[in-house]
Amino acid sequence: MINREQIPTVLDHPVHDARGDKIGDARHVFFDDVTGEPEWVSVRTGLFGTSESFVPIHDAALVEDHLEVPYAKDQVKDAPNVDVDSGGHLSEHEEQRLYQHYGIDWDAAWQDSQAGTGRATDAMDTAEGAMTRSEEEMHVGVERREAGRARLRKYIVTEEQQYTVPVRHEEVRVEREPITDANRDRAMTGPDITEAEHDVTLFEEEAVVETRAVPKERVRLTTEEVTEEETVTGQVRKERIEAEQADEHGDRRRGH
């Protein structure tokens, strides 16, 4: 169990669960109004420490530079929300909700405290006549998330192309050769007067289209990181401490 002398060692130090995992940092310690013993510790949890969860400190222990509580991290983070700024006290209803969450017998705790109010007081109102003034600090980080997808898709388009190529063909031409002394012998062979036929085969060229696949280029997807400036805005809370002094007439004066 944590005693009053150990409170400065607890505040603003890490709090670990039963498995040794860090839950957050101790923010406030609340005392029982009747016994004056430490009863609750609020732990700053959540992203950048923006939430506070209450956990019983009765069975907690100081281990080196941190506080260990016999509860799981998720159970602490899921504890009921409590208004820690409501005058530095926990109401009876708030304590009942917390006792129920941690499975603690409310009636037994009430009898141990010997009081019906069941309220606890913030440590900074009672410890050694001094207060700890705290401020929230904004811590901004970045997280990586999926922003979209890119895909290479290959599809076929048909284009019409024209080429001009020369083509050749054969045509019939009749040549007449007069009979001379040089060719008379060849011309006079054969019958004198007859009917005859002589065939000649004609040839021509025609344009033929043939397509074939030819590799032209390689295409791939790559990614590159681009850094841009982005401004974020948030709200932080700050504690202020002021002193009150009463004169002999009972008039109060305030000072910071």
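Residues numbered from 1 in each chain as written. Predicted model: local features only at pLDDT ≥ 70, side-chain atom pairs only at ≥ 80, totals over all residues. Heavy atoms only, no water.

A.B. asks: How do you make sense of the pairing of strand β4 (residues 51–56) when you look at a structure like this?
C.D. replies: Summarising burial for β4: five of the six residues are buried, a large majority. For strand β3 (residues 38–45) and β4, the ladder comprises six bridges, and the chain directions are antiparallel. Across the sheet, residue Trp 40 finds its bridge partner in β4, namely Pro 56. (Buried < 20%, exposed > 50% of the residue type's maximum accessible area, 1.4 Å probe, protein only. Helix = DSSP H or I, 4+ residues; strand = E, 2+ residues; numbered from the N terminus. Pairing = 2+ DSSP bridges.)

A.B. asks: How should the packing of aromatic side chains be read in this particular structure?
C.D. replies: To describe a pair of aromatic rings, you give the distance between the ring centres and the angle between the ring planes. Counted by the stated rule, this structure contains four aromatic pairs. When the ring of Phe 30 is compared with that of Phe 54, the centres are 5.1 Å apart and the planes differ by 55°; the resulting orientation is tilted. With Phe 30 in strand β2 (residues 22–32) and Phe 54 in strand β4, this residue pair connects regions lying 24 residues apart in the sequence. Its relative accessible area of 1% is what places Phe 54 among the buried residues. (Phe/Tyr/Trp six-rings, centres within 6.5 Å; stacked < 30°, edge-to-face > 60°.)

A.B. asks: So what exactly am I meant to see when it comes to the nonpolar core here?
C.D. replies: Looking at soluble globular proteins, one finds that nonpolar side chains tend to be buried together. Core analysis: the biggest nonpolar cluster contains 27 residues, and Val 29, Trp 40, Val 41, Val 55, Leu 67 and Val 69 have the highest contact counts within it. Of all the elements in the fold, those that place two or more residues in this core are α1 (7–10), β2, β3, β4 and α3 (92–101). The leading source of residues in this core is β2, at five residues. Filtering out sequence-adjacent residues up to four positions away, Leu 67 remains in contact with Ile 2, Val 10, Pro 14, Val 15, His 16, Val 41, Ile 57, Ala 60, Ala 61 and Leu 62. (Core = buried A, V, L, I, M, F, W, Y, C linked by side-chain atoms within 4.5 Å. Contact = heavy atoms within 4.5 Å.)

Interpretation note: all reported values are geometric properties and have no functional meaning in isolation.
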